[in-house]
Amino acid sequence: MKQIFFITSFFIIFCYIGISLCSIKNSYDSINKIPYNKFGVVLGTSKYLYGGGVNAYFKYRIDAAYLLFVHKKIRYIIVSGDNRNKNYNEPKMMKKELMKKGVPGYLIYEDFFGISTLHSILRVYKIFNKKKFTIISQKFHNERAIFISKFLGLDVIGFNAKSLSFDFKIQLREIFARIKVLWNLFLLKKDMINIF
């Protein structure tokens, strides 16, 4: 029993830290240091919290995308997220907020089928035909997205949006998300890529 616990714990730690280490050189916090890419990709999340109020993760991703745009670190923006029904549309909400800030609508492309981070990256590559772009999300999320992109042979960097103080629920969710990514990429790679 102890052996199983040890192996499981080691695997979880390996998944989490390994993905972070693989992505560290491609992750940027500074607007002055990040290189230019023609396209930026904002990964989706809901604008509103379940209990009401604006989701800070959403707000900070929009702020980060706008910051890149006004500093001419990106030219076009792809907003990729879930559009599960007519009353829930992450890309539409992201585009609307970016336009409010002054980004012209014709420079923003919507991907309505970014139902997961893996799907978003695959679709930017397969549907939008982009191999080089800047991913925009919080650092922990960017690390996973960069890992996926590097596994697929893409030339990407990440710009880290402002995050919140330590959130146990989010971190726990991220642990399982990273395990799932490794499972999908290494065991289901062919099936996942061929669906596009």
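Before reading on, note that the structure itself is shown above.
Rules of the game
- Residues numbered from 1 in each chain as written.
- Predicted model: local features only at pLDDT ≥ 70, side-chain atom pairs only at ≥ 80, totals over all residues.
- Heavy atoms only, no water.
- Helix = DSSP H or I, 4+ residues; strand = E, 2+ residues; numbered from the N terminus.
- Axes fitted to C-alpha atoms, helices over the stretch in contact; angles between N-to-C directions.
- Parallel < 35°, antiparallel > 145°, perpendicular 65-115°, else oblique.
- Left-handed = near helix turned anticlockwise from the far one by under 90°.
- Contact = heavy atoms within 4.5 Å.
- Core = buried A, V, L, I, M, F, W, Y, C linked by side-chain atoms within 4.5 Å.
- Buried < 20%, exposed > 50% of the residue type's maximum accessible area, 1.4 Å probe, protein only.
- Expected span 1.5 Å × (residues − 1).
- 1 Å grid on protein atoms, 1.4 Å probe; cavity = no way out; pocket = protein on both sides within 12 Å on 5 of 7 lines; lining within 4 Å.
- Points joined across faces, edges and corners; volume = space filled by probe spheres on them.
- Nonpolar A, V, L, I, M, F, W, Y, C, P; charged D, E, K, R; others polar.

### Brief notes about unusual backbone geometry
So, point 1. Phi is positive for Lys-72, close to 60°, though the residue is something other than glycine.
So, point 2. Looking at where Lys-72 falls in the secondary structure, it is placed in the loop between helix 2 (56–70) and strand 3 (76–80).
So, point 3. A positive phi angle, near 55°, is found at Asn-129, a position not held by glycine.

### Details of the packing of helix 2 against helix 3 (residues 90–101)
Helices that pack against each other are described as a pair by the angle of their axes relative to one another and the distance between those axes.
So, point 1. Relative orientation of the contacting elements helix 2 and helix 3 amounts to 50°, with a least axis distance of 10 Å. Relative to helix 3, helix 2 is oriented oblique. In this structure, the crossing between helix 2 and helix 3 has a hand that is right-handed. Between helix 2 and helix 3, the residues in contact are Phe-58, Ile-62, Asp-63, Ala-65 and Tyr-66 and Met-93, Met-94, Glu-97, Leu-98 and Lys-101, respectively.

### Digging into the nonpolar core
So, point 1. In terms of nonpolar packing, the biggest core is built from 47 residues, with Ile-77, Leu-98, Ile-121, Phe-133 and Ile-135 touching the most fellow members.
So, point 2. With seven residues, the top contributor of residues to this core is helix 2.
So, point 3. Ignoring anything within four residues of it in the chain, the contact list for Phe-133 reads Asn-37, Phe-39, Val-41, Ile-121, Val-124, Ser-149, Leu-154, Asp-155, Val-156 and Ile-157.

### Examining helix 5 (residues 139–151)
So, point 1. The end-to-end C-alpha separation of helix 5 is 18 Å, in line with the 18 Å expected for 13 residues at 1.5 Å each.
So, point 2. Those residues of helix 5 that sit buried are Phe-140, His-141, Asn-142, Glu-143, Arg-144, Ala-145, Ile-146, Phe-147, Ile-148 and Ser-149.
So, point 3. Gly-153 occupies a position one or two residues after helix 5 and carries a positive phi of about 85°.

### Quick word on the layout of surface pockets
So, point 1. The space that makes up the largest pocket amounts to roughly 1200 Å³.
So, point 2. Taken together, 38 residues line the largest pocket, and the ones lying closest to its centre are Gly-44, Thr-45, Ser-46, Glu-90 and Arg-173.
So, point 3. Mapped by element, the contributors of at least two residues to the lining of the largest pocket are helix 2, helix 4 (117–126), helix 5 and helix 6 (168–187).
So, point 4. Among the elements that make up the lining of the largest pocket, the one with the highest residue count is helix 6 (nine residues).
So, point 5. Looking at side-chain class alone, the lining of the largest pocket contains 16 nonpolar, twelve polar and ten charged residues.
So, point 6. Estimates place the volume of the second largest pocket at around 160 Å³.
So, point 7. Lining of the second largest pocket is provided by Tyr-48, Lys-86, Asn-87, Tyr-88, Asn-89, Lys-92, Met-93 and Lys-96.
So, point 8. In terms of residue class, the lining of the second largest pocket is built from three nonpolar, two polar and three charged.

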